[in-house]
Structures are given as structure tokens and as C-alpha cells.
Amino acid sequence: MRHLANPHRGRGLPRQEGLATGRVVADPTDAQALYARCPVAAATPLVPAPDLAGAIGVGQLWLKDERQRMGLGSFKALGASHAIARLAARAVDAPGEPADQATMSTALAGTTFVCASAGNHGLSVAAGAPVFGASAVIHLARTVPEAFVDRLRARGARVVRSGDDYEAAMAAAMADAEAHGWTLLSDSSWPGYVELPTLVMEGYLIMAAEVADAIEEPPTHVVLQCGVGGLAAAVTALVRDRWGDGPTVVVVEPAAAPALLESVAAGRPVAAPGPVSSMGRLDCKEPSHLALAALARDADHFVTITDERCDETVAVLDEHGMATTPSGAAGVAGVHHAGSHREALGLSEGSRVLAFVTEGPEGES
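Here goes a summary of the coordinates provided. (Residues numbered from 1 in each chain as written. Predicted model: local features only at pLDDT ≥ 70, side-chain atom pairs only at ≥ 80, totals over all residues. Heavy atoms only, no water.)

Before going further, it helps to examine the overall build of the protein. Scanning the protein for helices and strands turns up 14 helices and eleven strands. In terms of overall dimensions, the protein is globule-like: its C-alpha atoms have a radius of gyration of 19 Å, near the 21 Å expected for 365 residues. Along the three orthogonal principal directions, the C-alpha set of the protein runs to about 55 × 40 × 40 Å. Within the span of the protein, comprising 365 residues, buried residues form 59% of the whole. Contacts in the protein between residues at least 24 apart in sequence constitute 73% of all its contacts with a sequence separation of at least 6. The positive charge centre, built from 27 side chains, and the negative charge centre, built from 42, are 3 Å apart in the protein. (Helix = DSSP H or I, 4+ residues; strand = E, 2+ residues; numbered from the N terminus. Rg over C-alpha atoms; globule rule 2.2 N^0.38 Å. Buried < 20%, exposed > 50% of the residue type's maximum accessible area, 1.4 Å probe, protein only. Contact = heavy atoms within 4.5 Å. Lys, Arg positive; Asp, Glu negative; His and termini not counted. Charge placed at Lys NZ, Arg CZ, Asp CG, Glu CD.)

Given below as C-alpha cells:
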């Protein structure tokens, strides 16, 4: 494990040139109101895990179980689908008078959303687009499991295999959007592209608010797995809004893709090339600029976890009835394998830890 105590905590990155500007929203009200209009909207469980807490050496452990969110099998169901729903509502809602379901169902007719995905973001786009009359094209790297291809096609999306990694798939999606006039719907952000990623991140506030409303006592630690950073930034924004500086926020990345850690260390967005990680949904070599700026200000620590250590945590979670993938287990793995970094992270047998199991086993919905 590598560990970086955030040198920019409370201030943010020292150099803003070349950084996308925007704001990570902390108020979930608008997202919750839109979510309530969804026929399959429901909160996911917050599960106390006392036996697992004992096994990893902390006092209490709560797991936010996102494995069945909206029937899509991951927290990402809240992201792109929320952004698409927000665009649909803007198109047909009158002030103070939400449109009926029939009107919403054709609000985005003729629109094609295109994205790159490591799996779950694409599922959210594929599920959300047809609800409002739109279509979806999903670019996947060759490393994404075939199970995701089957699930995307079952939702009516057109799937294109593009390159050997997420970055190649993103380049192909951007080219498609430019060539065909399609709407690029990314969960990452960069200069000139912030509006839709902001809406994606607002959707994740729904999950964070469910935790804040359900948990009995604020955690001492919140551990958040990270790909481009949207989930981590959104949850951290709500944590700071609800609980202030009390909880220690720890961001966990694959050792093969430490894009946030390296960018925070450099004080600016940088790429972090590396081998392919088994944490496929987190294997992103460049950070979202919006997420980076927010986490550089509000997160306390950045750590990396190796594939081997994360696999061990997957097995332990399975033994405790929480089957998931390396991507879904990475946050818990950051605590499980903190080792010599426990003291620096402030972890002890009295710690109250909140973690997120972000997806079910691959191939399940």
C-alpha cells in the first residue's frame, strides 16, 4: 500500500491553470426529488458488519450495499440515469408542474447518448436512455468482461469494442460524438466539459444521503474507492456538509491506477499509467478534474491497494455474505490491508468505519 496524507486539505490545489472549473454540489434535494419520480426508486441497505469489523481490527463497520440498486447491480445506476432524467425533465417540465410519465417517456426522442465505460456507467446510460425515448452507444475496452456486453445489449444499447483500455474507449466515444452529433455522457470531466459529469455526480448524492439519514452515529472514517473520482467526490461533499471535518475521508485507488494520488501529489491533474488492474471499474489512469479539485480540498488521505490484497478482501467479504468484485471491495480493502499505515490513517479498534460495496458479482444484476 502507498499512502499520501493530503497536503492540500482545506485549501485545494495550488495551481488552477488547465483545471476544469465547476462545483461539486452537496445538497441532494433536487436529485432526491427526481429519483422519487422513478417507479423503481428505493433505498439500498446500510448493513452493520460487527464480525467483519473484528476481523479487520476496527470497532464498528457499516457497509452501504449497492449490489441491487435499481436492478442494475451497482451505485452507477444513480449517476448517468440521473443525468439523463435531469435533461428529460428540463425538456418537458413546466415551472412547478412536473410532466407526466407519458410525456417524459418521449422527452429525449431522437437523442443518442454515447459514452466510454468499464461496465457499470455504460449500464446506467443503457438503462436510462430508452426510458426517455433516447438511444445509447457504449464503447468498451477489450478488457471489460463479456458479461457486461451481454447486459448492455439486453438493455438495447449498441456496444463497440474500442482499444485496450478505458482511455482508448473514451477517445473513441468522443470521436463518435463529434462525428455524429451525439451527446457525450461521461462520468469524468475536463476543461470545457463539466455540466453532464456534474449531473452524474449529483445522482450519487442520493446514496450518500441515504447513509447519513440511516446511520446512528457519524463515522470516524469514510473509505471510498475511486476510479475517475465521481463517487468519492460526491460522497465527500455530503460528508462535509452533514458532519463537517469530523470524519476522516480515505480515498482508495488501484496500485495500477493511482490517478488521484499522483495528481494530488503533483498539485495538478496528471496521468498515472500502469498495467491492467483486476479492479476494472476503478482502472482509470486520469482523474476527473471536478473530482480532483473537490477531493484535494476535502479528502484527508489517498492510498493504493494491490490487486492481490484486494482479492483477499473479496474472499473475506464473501465469507461474511457480501459477495462482490475487486472494484466493489476496494474501499473495504483499504482498511483491511492498512497494515503499517493504520496509525497514520487514525485507525484503531475504536474506529467507526463507513465503506461502500459498490457492485454485485460480475454478470449479476
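Moving on from the coordinates now.
In this section: the packing of helix 10 (residues 259-266) against helix 11 (residues 289-298). Pairs of packed helices are described in terms of their axes, by the angle between the two and the distance that separates them. Running from amino to carboxyl end, helix 10 crosses helix 11 at an angle of 65°, the nearest separation of the two axes being 10 Å. Put simply, helix 10 runs roughly perpendicular to helix 11. Every pair of crossing elements has a handedness; the one defined by helix 10 and helix 11 is right-handed. Residues Leu260, Ser263 and Val264 of helix 10 pack against Leu292, Leu295 and Ala296 of helix 11. A per-class count over the contact of helix 10 with helix 11 returns five nonpolar, one polar and no charged. (Axes fitted to C-alpha atoms, helices over the stretch in contact; angles between N-to-C directions. Parallel < 35°, antiparallel > 145°, perpendicular 65-115°, else oblique. Left-handed = near helix turned anticlockwise from the far one by under 90°. Nonpolar A, V, L, I, M, F, W, Y, C, P; charged D, E, K, R; others polar.)

For the rest of this paragraph, the subject is the packing of aromatic side chains. Under the criterion given, the structure shown has two aromatic pairs. Pairing Trp190 with Tyr193 gives two aromatic rings, centres 4.6 Å apart and planes at 15°, and the pair type is stacked. Overall, Trp190 belongs to the partly exposed group, its relative accessible area being 21%. When its relative accessible area of 13% is taken as the criterion, Tyr193 is described as buried. (Phe/Tyr/Trp six-rings, centres within 6.5 Å; stacked < 30°, edge-to-face > 60°.)

In the Ramachandran plot, Met70 falls in the positive-phi region, its phi being about 55° despite a non-glycine side chain. As for its position among the elements, Met70 is in the loop between strand 3 (60-65) and helix 3 (80-92). For Met70, a relative accessible area of 23% gives the class partly exposed.

Before going further, it helps to spend a moment on the sheet that holds strand 7 (residues 183-184). Judged by pairing direction, the sheet is parallel, and its four strands sit side by side in the order 6-5-4-7 without closing on themselves. The sheet is open, and its two edges are formed by strand 6 (158-161) and strand 7, each paired on a single side. Examined bridge by bridge, strand 4 (residues 112-117) and strand 5 (residues 135-140) share six bridges and lie parallel to one another. Opposite Cys115, over in strand 5, you have Ile138 as the bridge partner. Sitting on the sheet, helix 6 (residues 146-154) touches strand 5 and strand 6, and the angle it makes with strand 6 is about 155°. (Pairing = 2+ DSSP bridges.)

Next up on the list: the pattern of salt bridges. Following the criterion strictly, the structure yields 20 salt bridges and no others. Among the ionic pairs, Arg9 bridges to Asp245, the shortest N-O distance being 2.8 Å. On the criterion of sequence distance, the pair formed by Arg9 in the loop between strand 1 (3-5) and helix 1 (29-35) and Asp245 in the loop between helix 9 (230-243) and strand 9 (248-254) is long-range, its members being 236 residues apart. Of the charged contacts in the structure, one is a salt bridge between Arg69 and Glu210, with a shortest N-O distance of 2.8 Å. Taken together, the residues Arg69 in the loop between strand 3 and helix 3 and Glu210 in helix 8 (residues 195-214) connect sequence positions 141 residues apart. Look at Arg69 and you get buried, because its relative accessible area is 0%. Its relative accessible area of 15% is what places Glu210 among the buried residues. Through salt bridges that share partners, Arg9, Arg240, Asp245 and Asp300 make up one connected network. (Salt bridge = Lys/Arg side-chain N within 4 Å of Asp/Glu carboxyl O.)

Contact pair helix 3 / helix 5 (residues 120-131): the axes reach a minimum separation of 7 Å and the direction vectors enclose 30°. With respect to each other, helix 3 and helix 5 are oriented roughly parallel. With respect to the hand of their crossing, helix 3 and helix 5 are arranged in right-handed fashion. When helix 3 is examined against helix 5, the residues Ala80, Ser81 and Ile84 are found in contact with a partner set consisting of His121, Ser124, Val125, Gly128 and Ala129. Split by residue class, the contact of helix 3 with helix 5 holds four nonpolar, four polar and no charged.

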